Amino acid sequence: MATHLRKPRAAKRQSGAPTISDVALLAGVSPMTVSRVINADANVRDTTREAVNAAIAQLSYAPNPAARSLAGAAQLRIALLYSNPSASYLSEFLVGSLDSAGRSDIQLIVEKCEIGDHEIEVAERLVRSGIDGVVLPPPLCDSRGVLDVLLGAEIPTVVVATGRAPEQAASVSIDDFAAAKAMTEHLLSLGHARVGFIVGNPNQTASAERLAGYRAALAERGIAADDALVAAGLFTYRSGLDAAEQLLDVADPPSAIFASNDDMAAATVAVAHRRGLDVPGDLTVCGFDDSALATTIWPELTTIHQPIADMSRAAVELLVGIVRAARSGKADETRHMLLDYTLIRRQSDAAPRRRPPVRSRG
């Protein structure tokens, strides 16, 4: 007589949700073997892995957060906290994170966490939930309060795009100083003697690095820094509007403006058009990030390509590696990854317009 496997009932939780023991019983293996499969342990036979995955699918099994005290007992849960004013930046960051989470077979929890609006409470709630690790994109990468909560609770954390990585956290970034210096040098090489600069949010360490890179390029050319050519921004489109107006209102306005991100650069292009200025004929405008916005406005922006999606992928993979190394008892070596940037030339930059000399009358 043929026998049939049935979904076990005795080991289920009161809620009716299947347990890891249910999966083990249906697959004919031990709960520890199920745990190894969930955590992608290489020391599992392919046939066993297939049987466990089939049982997980049949039971629609989801790990029990209460069982997370057992090392390797459930799928990793990684949180991504976001509070970014740039929708384009955030969109690319999420694409990379979700892609890496899917390939690593982890649960990615995406949660909004506005700075100055209960960010400490959000971080504390994540700690209480038993989260395995956290990814912090800008501007939360520089939130001292959130970092203190997470690192104080010994939650593995990876900060992304910070200008100054904290010692206890891992990080993924580019060289903001070198990138801003390269863009400024590019503008100077085109012949622009007066280059305006829009600074990013002062609460983000990358902002200071980009400003320092701009100033270093000027100094190397022997050009004295002019405070009138530096305007404060917040990485938002609206702050870019105000900053561009300020720069174009100076007595001797710049022939080029370099904004610390694409949102503020796009705002600068809008202000130029409103004033009847041609970009790049009358005013060169450059940005930073190479987000989707850079190619959705006209003219398309010359900008620094920051590999946002690749940085988020790398952050998730780095965090998963740190958590799994800790679970297996290996030494946790905090790592800092530096990815490459690229200067992308498009239609928004040109040499300064040479006006014809005034002819004297005969």
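Residues numbered from 1 in each chain as written. Predicted model: local features only at pLDDT ≥ 70, side-chain atom pairs only at ≥ 80, totals over all residues. Heavy atoms only, no water.

Across its full length, the protein chain holds 11 helices and 12 strands. Evaluated residue by residue, the protein chain yields a buried proportion of 51% over its 362 residues. Put simply, 73% of the contacts in the protein chain that link residues at least 6 apart link residues at least 24 apart. Here the protein chain displays about 17,400 Å² of accessible surface, and carbon together with sulfur accounts for 51% of that area. (Helix = DSSP H or I, 4+ residues; strand = E, 2+ residues; numbered from the N terminus. Buried < 20%, exposed > 50% of the residue type's maximum accessible area, 1.4 Å probe, protein only. Contact = heavy atoms within 4.5 Å. Areas by Shrake-Rupley, 256 points an atom, 1.4 Å probe, with all protein chains shown as cover.)

The next thing to look at is the nonpolar core. Counting 45 residues, the largest nonpolar core has Val135, Val172, Tyr214 and Phe258 as its most contacted members. No other element matches the 10 residues that helix α11 (residues 308-327) contributes to this core. Beyond its immediate sequence surroundings of up to four residues, Tyr214 is in contact with Ala180, Lys181, Thr184, Val195, Gly196, Phe197, Leu229 and Val230. Ranked by size, the runner-up nonpolar core spans 24 residues in total, among them Ala231, Met264, Ala294 and Ile297. (Core = buried A, V, L, I, M, F, W, Y, C linked by side-chain atoms within 4.5 Å.)

Time to look at the side chain of Asp263. Structurally, the position occupied by Asp263 is in helix α10 (residues 262-274). As a buried residue without a salt bridge, Asp263 has its nearest oppositely charged side chain in Arg210, at a separation of 9.6 Å. A polar contact is formed between the side chain of Asp263 and the side chain of Ser86, at a distance of 2.8 Å. For Asp263, the residues in contact, after removing those within four places along its chain, are Ser86, Phe235, Thr236, Tyr237 and Leu293. (Lys, Arg positive; Asp, Glu negative; His and termini not counted. Salt bridge = Lys/Arg side-chain N within 4 Å of Asp/Glu carboxyl O. Polar contact = N/O pair within 3.5 Å; in protein donor to acceptor, adjacent residues only side chain to side chain.)

Another point: the pattern of salt bridges. When their charged atoms lie close together, side chains carrying opposite charge are able to pair. One pass over the full model with this rule turns up 18 salt bridges. Across the salt bridge formed by Asp99 and Arg313, the nearest N and O atoms sit 2.9 Å from each other. Taken as a pair, Asp99 in helix α4 (residues 87-104) and Arg313 in helix α11 lie far apart in primary sequence, 214 residues in all. For Asp99, a relative accessible area of 31% gives the class partly exposed. Put simply, Asp249 and Arg275 hold a salt bridge, and the shortest N to O gap is 2.7 Å. Pair noted here: Asp249 is in the loop between α9 (237-248) and β8 (256-259) and Arg275 is in the loop between α10 and β9 (284-289), with a separation of 26 residues, a long-range link.

A few words now on the side chain of Ser104. Tracing the sequence through the fold places Ser104 in helix α4. Sequence-distant contacts of Ser104, that is, excluding residues within four places in its chain, are made with Glu317, Val320 and Arg324.

With that out of the way, let us pick up empty space enclosed by the protein. Applying the stated rule across the entire model yields 1 cavity of 30 Å³ or more. The computed volume of the largest cavity comes to approximately 150 Å³. As for the largest cavity, its lining consists of 14 residues, and the residues nearest its centre are Tyr89, Pro138, Gln204, Phe235 and Asp289. Taken together, the residues that form the lining of the largest cavity break down as 7 nonpolar, 5 polar and 2 charged. (1 Å grid on protein atoms, 1.4 Å probe; cavity = no way out; pocket = protein on both sides within 12 Å on 5 of 7 lines; lining within 4 Å. Points joined across faces, edges and corners; volume = space filled by probe spheres on them. Nonpolar A, V, L, I, M, F, W, Y, C, P; charged D, E, K, R; others polar.)

Moving on, we come to the environment of Arg194. One can find Arg194 in the loop between α7 (176-189) and β6 (195-199). It is 4.8 Å that separates the C-alpha atoms of Arg194 and Pro254, two residues lying 60 residues apart in sequence. Excluding its chain neighbours within four sequence positions, the residues that come into contact with Arg194 are Asp226, Leu229, Asp252, Pro253, Pro254, Ser255 and Ala256. Within the local environment of Arg194, its side chain forms a polar contact with the side chain of Asp226, the two groups lying 3.3 Å apart. At 2.8 Å, the side chain of Arg194 forms a polar contact with the backbone oxygen of Asp252.

Here we take up the packing of aromatic side chains. If you walk through the whole model with that rule in mind, you get 3 aromatic pairs. Between Tyr89 and Phe93, the ring centres sit 6.4 Å apart and the planes meet at 15 degrees, which makes this aromatic pair stacked. Linking Tyr89 with Phe93, this pair stays in helix α4, spanning 4 residues, or about one helical turn. Looking at Tyr89, the relative accessible area reads 5%, which means it is buried. Plain terms: the ring middles of Phe197 and Phe258 are 5.2 Å apart, the flat faces sit at 75 degrees to each other, and that makes the pair edge-to-face. Of this pair, Phe197 sits in strand β6 while Phe258 is found in strand β8, placing the two residues 61 residues apart along the sequence. Among the residues examined, Phe197 registers a relative accessible area of 0% and is labelled buried. (Phe/Tyr/Trp six-rings, centres within 6.5 Å; stacked < 30°, edge-to-face > 60°.)

The geometry of helix α1 (residues 20-27) relative to helix α3 (residues 46-59) is characterised by a closest axis approach of 9 Å and an angle of 125 degrees between their N-to-C directions. The pairing of α1 with α3 is recorded here as oblique in orientation. The handedness of the crossing between α1 and α3 comes out as right-handed. Contacts between α1 and α3 involve Asp22, Val23, Leu26 and Ala27 from the former and Ala51, Val52, Ala55, Ile56, Gln58 and Leu59 from the latter. Of the residues in the contact of α1 with α3, the class split is 8 nonpolar, 1 polar and 1 charged. (Axes fitted to C-alpha atoms, helices over the stretch in contact; angles between N-to-C directions. Parallel < 35°, antiparallel > 145°, perpendicular 65-115°, else oblique. Left-handed = near helix turned anticlockwise from the far one by under 90°.)

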